[in-house]
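# Structural features, examined
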Amino acid sequence: MSKIAIISGSLNHKSRLNGMINYAKLKLEQQGCKVAIIDVSSLPPADLMHANFNSRLILSAHAKVEEASGIIIASPVYKTTYTGVLKAYVDLLPQNGFKDKIVAAFFVGGTISNLLSIDYALKPLLASMGTKSFAENVFAIDSQIERMEESEQNTRFQLADEIQQRIDASILDLVSYTKCI
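Residues numbered from 1 in each chain as written. Predicted model: local features only at pLDDT ≥ 70, side-chain atom pairs only at ≥ 80, totals over all residues. Heavy atoms only, no water.

### What about the overall build of the protein?
Helix and strand counts for the protein stand at six helices and eight strands. Reading the protein from its N end, one meets helices and strands in the order β-α-β-α-α-β-α-β-α-β-β-β-β-α. For the protein, the C-alpha atoms occupy an extent of roughly 40 × 35 × 30 Å along the three principal directions. Sorting the 181 residues of the protein into buried and exposed places 48% on the buried side. Put simply, of all contacts in the protein between residues at least 6 apart along the chain, 80% involve residues at least 24 apart. For the protein, the separation between the mean place of its 18 positive charges and that of its 18 negative charges on side chains is 4 Å. (Helix = DSSP H or I, 4+ residues; strand = E, 2+ residues; numbered from the N terminus. Buried < 20%, exposed > 50% of the residue type's maximum accessible area, 1.4 Å probe, protein only. Contact = heavy atoms within 4.5 Å. Lys, Arg positive; Asp, Glu negative; His and termini not counted. Charge placed at Lys NZ, Arg CZ, Asp CG, Glu CD.)

Below you can see the structure in the form of C-alpha cells.
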C-alpha cells in the first residue's frame, strides 16, 4: 500500500486549510492510500526554532516523510508565502528529503493575488530538495472554503465545487504516480 504524507503548516484547527486537508485525506483513503498527517504546529517549538535534529518528535515526523511516496505540502499564505513554522520544519528535513517523491501544494490565501506563492516561493525549495515530479497544485481563496460548524475540538468545512474538482485532479496525479490502487 502506498503512503502519502500531508505536511500541514496550518497554525490552528479552525484554519480553512484543514477543510482541504480533510477532503484530500478522505479521497486518498478511498483510493487505497495510507495517509499520515504531520501537523507541524504540534511539533515542539523549541525543537523547530533551535534546529534540534535529534528530537524524537521531529524524527518521527521525518520517518513519515521518508516512508511516503507522495507528499502534500499544505499551508495558509501569509505575506505572500507559506508559514514560518512550515519552513522551520522543512529546514530540518534531509537535503534530499523529497527525492523520488511526487509533491503537490495545497495553499489557501486571502486573495487570488497570492496564487503565485506556490511557483515562486515553494517550488524552488522543493526542487532543491530533490522533487522531480509535481502533482496538480491547488490554490484556494478563503471565500471558497466555508466554515460550517465550529466547536473547540471540531470544525467542519464546505469546499466550493471548483476546489473539490481541483483537489480530485491532484489526488489523481498522486494516486497514478504512487500506484495507491
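### A look at the pattern of salt bridges
With the rule as written, the count across this model stands at five salt bridges. Close ionic contact of aspartate 91 with lysine 87 constitutes a salt bridge, the shortest N to O distance being 2.5 Å. Of this pair, aspartate 91 and lysine 87 both sit in helix α4 (residues 84–92), four residues apart, which is roughly one turn of that helix. What makes aspartate 91 partly exposed here is its relative accessible area of 42%. Looking at lysine 87, the relative accessible area reads 28%, which means it is partly exposed. We note a salt bridge from lysine 123 to aspartate 119, for which the minimum N-O separation is 3.4 Å. Placement of both lysine 123 and aspartate 119 in helix α5 (residues 117–128) is noted, with a separation of four residues, approximately one turn of the helix. By relative accessible area, aspartate 119 is classed as partly exposed at 37%. (Salt bridge = Lys/Arg side-chain N within 4 Å of Asp/Glu carboxyl O.)

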